[in-house]
Amino acid sequence: MITHGNTIELLAGNSNKPLAKAISEQLKIPLSDAEVGKFSDGEISITLPQTVRGKDVFIIQSTSNPVNDNLMELLIMIDACKRASAGRITAVIPYFGYARQDRKARPRDPITAKLVADILTSAGANRVLTMDLHAAQIQGFFEIPVDHLYGAPILAKYYKKMMNENWVVVSPDVGSVSRARNFASRVDASLAIVDKRRPKANAIEIMNVVGDVAGKTCLMVDDMTDTAGTLCQGAEALIKNGAKEVYACCTHGVLSGPALERINNSPIKELAILDTINFSDEVRNNPKIKIISVAKFFARAITTVYSDSSLSAIYED
């Protein structure tokens, strides 16, 4: 079985073309002219005009909204490359959707993260390169190698320039404490925790703040912001407990439903997000939102995977 290609070939679906083009520019390797469209009935149509035989193919595709269309594009592109005798196929998934159901929290719950992992493997992916999975244990759901990148170093580099001893890193919930603690160690800041109760889906009741935030500038750290309920209510709790200012950052800015309205009406001064998801002009032009590119990071990771080098080296810069 062929396990490694002799040339890098970059392909991209429709989910995040700006990021794919930026990665291509960083690598100085042109994107493939793959035709990714739909038949008249909505079925995904994929055509690869050039050969990928024996090549190391990297398919860049986030499974963000529209999630099902983007996932099917990725699967069909993988299948097309497999049937065209690609040397190795790496699914580059900056944002891995269907990751929130990673266990059976209630009877008869599905585990969609495992299901998608199985489908990607069955389609023909040989590796997965992704960033900040919703739960780190999802790496174990795959029967193929997973290279798991972290967005914290990029966000920490951005904030470290403006932070001082008056800043405190805040976990927006108990489940994010490990992530926030790691971030706090990177920027040499103290840690606080927002303790909340979730009585039902999308309904959050803030209980209290653990840690000293009075008179401090708070930075809330999370992996994903969807409807922004957690961040915005957490920011309000911090202000009520005497915080001077509240900033927030996350790797994946899903920003669905009322997210933008909530952020605009919240005490959050700035929300920094990485461009793992393609954003609308409304998001890009929002004065409260700072978008930071991961193109260079993923370009270095792709080069590292291709050369069979250590991924840990890309964090040294």
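Parameters at a glance
- Residues numbered from 1 in each chain as written.
- Predicted model: local features only at pLDDT ≥ 70, side-chain atom pairs only at ≥ 80, totals over all residues.
- Heavy atoms only, no water.
- Helix = DSSP H or I, 4+ residues; strand = E, 2+ residues; numbered from the N terminus.
- Buried < 20%, exposed > 50% of the residue type's maximum accessible area, 1.4 Å probe, protein only.
- Phe/Tyr/Trp six-rings, centres within 6.5 Å; stacked < 30°, edge-to-face > 60°.
- Axes fitted to C-alpha atoms, helices over the stretch in contact; angles between N-to-C directions.
- Parallel < 35°, antiparallel > 145°, perpendicular 65-115°, else oblique.
- Left-handed = near helix turned anticlockwise from the far one by under 90°.
- Contact = heavy atoms within 4.5 Å.
- Nonpolar A, V, L, I, M, F, W, Y, C, P; charged D, E, K, R; others polar.
- Polar contact = N/O pair within 3.5 Å; in protein donor to acceptor, adjacent residues only side chain to side chain.
- Salt bridge = Lys/Arg side-chain N within 4 Å of Asp/Glu carboxyl O.

(A) Representation of the environment of Ser 178. With respect to the helices, strands and loops of the structure, Ser 178 is situated in helix 5 (residues 177-187). Among the residues examined, Ser 178 registers a relative accessible area of 53% and is labelled exposed. Distance in space between the C-alpha atoms of Ser 178 and Asp 195 is 14 Å, their sequence separation being 17 residues.

(B) Structural context of the packing of aromatic side chains. Applying the stated criterion across every chain, the model contains five aromatic pairs. Arranged with centres 6.3 Å apart and planes meeting at 55°, the rings of Tyr 159 and Trp 167 form a pair that is tilted. Note on Tyr 159: relative accessible area 0%, which makes it buried. Judged by centre distance (6.3 Å) and plane angle (80°), the ring pair of Tyr 159 and Tyr 247 falls under edge-to-face.

(C) Summary view of the packing of helix 1 (residues 17-27) against helix 9 (residues 295-306). Orientation of helix 1 relative to helix 9, taken along the N-to-C sense of each, is 60°, at an axis distance of 8 Å. Classified by the angle their axes make, helix 1 and helix 9 are oblique. Classified by chirality, the crossing of helix 9 by helix 1 is right-handed. Contacts from Leu 19, Ala 22, Ile 23, Gln 26 and Leu 27 of helix 1 reach helix 9 at Ala 295, Lys 296, Phe 298, Ala 299, Ile 302 and Thr 303. Among the residues making up the contact of helix 1 with helix 9, the classes are represented as eight nonpolar, two polar and one charged.

(D) Expanded view of the side chain of Ser 176. Secondary-structure assignment places Ser 176 in the loop between strand 8 (167-171) and helix 5. In this structure the side chain of Ser 176 is engaged in a polar contact, spanning 2.9 Å, whose partner is the side chain of Asp 173. Excluding its chain neighbours within four sequence positions, the residues that come into contact with Ser 176 are Ser 171, Val 221 and Asp 222.

(E) Up close: the pattern of salt bridges. All chains considered together, the criterion is met by 14 salt bridges. Between Arg 83 and Asp 79 there is a salt bridge, and its shortest N-O distance comes to 2.8 Å. Within this pair, Arg 83 and its partner Asp 79 are both found in helix 2 (residues 67-83), separated by four residues, close to a single helical turn. Judged by relative accessible area, which is 64%, Arg 83 ranks as exposed.

Purely spatial values, then, with no claim about function.
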